[in-house]
Amino acid sequence: MKNLLVIKDDKKKLTKLSSFTNVILVGLFILCIIIYTVIKLDYSFDFSVIAKYKVKFINGYIMTLEICIISLFISLVIGLINALALKGKIIFFRFLARLYVEILRGTPFLVQVLFFYFIIGEAFGLQNKFVVGFLILSFFSGAYVTEIIRGGIESIPQSQLVTANSLGFTKAQTYRYIIFPQVFRRILPSLAGQLSSLIKDSSLLSVISISEFTMKALEANAITYQSYEIFSFLALGYLVITIPVSLLSKWLERKYFYES
Amino acid sequence: MNLKITGLVKEYEIQRALDDFHLKIENISSLVIVGPSGGGKSTLLRLLAGLEVATSGDIHINDNHIINDEKWLKEYRKNVGVVFQAYNLFPHWTAMENITMPLIKVHGYSKEEASEKCLTLLRKFDLLEHVDKIPAKLSGGQQQRIAIARALAINSELLMFDEPTSALDPQLTSGVLDMILELKKEGTDILMVTHEMAFAKKAADHIVFIDEGKALENASADQFFNHPKNERIIEFLSHSNC
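Bear in mind the structure is a predicted one, so any value in this text is a computation, not a measurement.

### Some remarks on the nonpolar core
Residue and element names in this part refer to chain B.
In step 1: I180, I207 and F224 are the most contacted members of the largest nonpolar core, which totals 49 residues.
In step 2: By residue number, the principal contributor to this core is helix α5 (residues 140-153), which donates seven residues.
In step 3: Discounting residues that sit within four places of it in the chain, I180 has contacts with I148, F161, P164, I190, M192 and F199.

Right, dumping it as structure tokens:
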């Protein structure tokens, strides 16, 4: 009985029976919480609201995906340029890149959204909310990607640079043919993780009424007040992407681990 | 190979690796640099290979006067093959790519010319079966031999080895050393830093013994091993395995 519930030896694999029992237990635990909230709120479910507002949800979902994919791409470009600036010889660019990374990583994303929307967006006359959305997200994510790429470049051993130099490769060639291909493979797991963060963080864009997934859920909720169904569905919508991305990240990590 | 070094000094932040170093050698084909660790051997090799610049002093190697000018050094490095202790190969490239990429990107070979040259070399040194393997799939000895093949591929007039076997298990070193011996027999000029005294005895025409940043001895291999004069060297030889 004890073996069913407690792990004695971490090296041994769990038995099927033990796994099964514990999955059921966790399920029951969650179910209890759900039942408690339903009773407490005196809630009656009506899942038809999801179907009713499906166009809203689908449009919001597509918008979220579009914003995230564009942002991932732009933040890669920003991250690359910044990482090179940090490693480069021009001090002005080094300082600028460092300041950018520190500010963007040191402030809450919500604050950045508000600042960008009400100040920078206004000043530069950015009317299109879609553009504002992916720009904010790109700059935010770009700071993290910078650090990922910088870490990747620094993980290439010095001995390779000496060898490249002795073979007569120029600095640009060394980056292009030797450093970047390796860095790219090494940082793929982290980049996949970054994509996952990006997708989750994009929900905060709803505060400036960008019609992404969360915004659409808020709208549907304001009309129907069927919060339970709507927000559960919303959470599920994010999990559907973030879980595979997280699995992909782990798989890439293992793959790299075995190859090196 | 001709070598003329005068008043060479190389200072690092905390130490002086070479201290008013002088050396003159003419017309030899293999030079082996030996001496205790930290004596300045590897520093000398890196200066000769144009990988670092001297604090002061002059180096003439064959027809080259090594000058402190990055552009000149870049050209010079292209024509000197260097094999380091370990991790010579780029881990993301196959053996083939490790040899052909410098030929294509640095020396302007076409892809076909480079592959042909690579295959000829690998065949010659019995490494053909490894052509498509990445370094992680090769033993340390195989990696070193491929690194030597890469150094040969650029037709360098001079090959430099910086302790090419010191990171290898003893049973892997012989393959690498045999390859170097074979090159010597074919008439390639070799400059090597090593701890393998038995090998030095076999392969060297000439030996330079470096300690505390100076050349304590500069003699033919025969004289160095059989009639050492300097006491430091007699002591050093008594500790080594030959």
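### Some remarks on the packing of helix α4 (residues 54-87) of chain A against helix α7 (residues 129-154) of chain A
All names here are of chain A.
In step 1: Packing of α4 against α7 leaves a shortest axis separation of 5 Å and a crossing angle of 45°. Taken as axis vectors, α4 and α7 run oblique relative to one another. Here α4 runs over α7; the crossing is right-handed.
In step 2: Taken together, the residues of the contact of α4 with α7 break down into 17 nonpolar, nine polar and five charged.

### Digging into the sheet that holds strand β6 (residues 80-83) of chain B
Strand pairs in the sheet, formed through backbone hydrogen bonds, run parallel or antiparallel to each other.
Residue and element names in this part refer to chain B.
In step 1: Taken together, six strands build an open sheet; the order of strands is β6-β7-β8-β3-β9-β10 and the sheet is mixed. One side of each edge strand has no neighbouring strand; the edge strands of this open sheet are β6 and β10 (214-220). Each strand axis lies, on average, 15° off the axis of its neighbour in the sheet, ignoring direction.
In step 2: The pairing of strand β9 (residues 206-211) with β10 spans six bridges and is classified as antiparallel. Counted as the bridge partner of I210 is A215 from β10.
In step 3: Its contacts with the sheet place α5 against β6 and β7 (158-162), and it is angled at close to 170° to β6.

### Regarding the sheet that holds strand β4 (residues 56-61) of chain B
Residue and element names in this part refer to chain B.
In step 1: Spatial strand order, β2-β1-β4-β5: four strands in an open sheet with antiparallel pairing. Each edge of the open sheet carries a strand with a single partner, namely β2 (16-25) and β5 (64-65).
In step 2: Pairing of strand β1 (residues 3-11) with β4, which is carried by five bridges, proceeds in the antiparallel orientation. Bridge pairing in β4 links T6 to D58.

### Overview of the pairing of strand β3 (residues 30-34) of chain B
Residue and element names in this part refer to chain B.
In step 1: Within β3, five of the five residues are buried, which leaves it mostly tucked inside the rest of the structure.
In step 2: Of the two faces of β3, the one holding S30, V32 and V34 and the one holding L31 and I33 are both buried throughout.
In step 3: Here β3 pairs with strand β8 (residues 189-193) via four bridges, running parallel. Pairing of S30 across the sheet is with I190, part of β8.
In step 4: Bridge count between β3 and β9: four bridges; the pairing is parallel. Residue pairing across strands places V32 opposite I207, the latter belonging to β9.

### A closer look at the pattern of salt bridges
In step 1: Following the criterion strictly, the structure yields 20 salt bridges over all chains and no others.
In step 2: With a closest N to O distance of 3.9 Å, R105(A) and E147(A) form a salt bridge. A residue pair is termed long-range when its members are at least 10 positions apart, and R105(A) in helix α5 (residues 91-106) and E147(A) in helix α7 qualify at 42 residues.
In step 3: With relative accessibility at 37%, the residue R105(A) sits in the partly exposed group.
In step 4: R232(B) is paired through a salt bridge with D211(B); the nearest N and O atoms lie 2.7 Å apart.

### What about the packing of aromatic side chains?
Residue and element names in this part refer to chain A.
In step 1: Counted by the stated rule, this structure contains 22 aromatic pairs over all chains.
In step 2: Between F45 and F47, the ring centres sit 5.4 Å apart and the planes meet at 5°, which makes this aromatic pair stacked.
In step 3: By relative accessible area, which is 36% here, F45 ends up partly exposed.
In step 4: An aromatic cluster is built from F57, Y61, F213, F233 and Y238, whose rings are joined through pairwise contacts.

### Observations concerning the domain arrangement of chain A
In step 1: Taken as a whole, chain A is organised into domain 1 (2-41) and domain 2 (53-259).
In step 2: Inter-centroid distance (C-alpha atoms) of domain 1 of chain A to domain 2 of chain A is 35 Å.

What counts, and at which threshold
Residues numbered from 1 in each chain as written. Chains lettered and ligands numbered in written order. Predicted model: local features only at pLDDT ≥ 70, side-chain atom pairs only at ≥ 80, totals over all residues. Heavy atoms only, no water. Core = buried A, V, L, I, M, F, W, Y, C linked by side-chain atoms within 4.5 Å. Buried < 20%, exposed > 50% of the residue type's maximum accessible area, 1.4 Å probe, protein only. Helix = DSSP H or I, 4+ residues; strand = E, 2+ residues; numbered from the N terminus. Contact = heavy atoms within 4.5 Å. Axes fitted to C-alpha atoms, helices over the stretch in contact; angles between N-to-C directions. Parallel < 35°, antiparallel > 145°, perpendicular 65-115°, else oblique. Left-handed = near helix turned anticlockwise from the far one by under 90°. Nonpolar A, V, L, I, M, F, W, Y, C, P; charged D, E, K, R; others polar. Pairing = 2+ DSSP bridges. Salt bridge = Lys/Arg side-chain N within 4 Å of Asp/Glu carboxyl O. Phe/Tyr/Trp six-rings, centres within 6.5 Å; stacked < 30°, edge-to-face > 60°. Domains from an automatic or database assignment.

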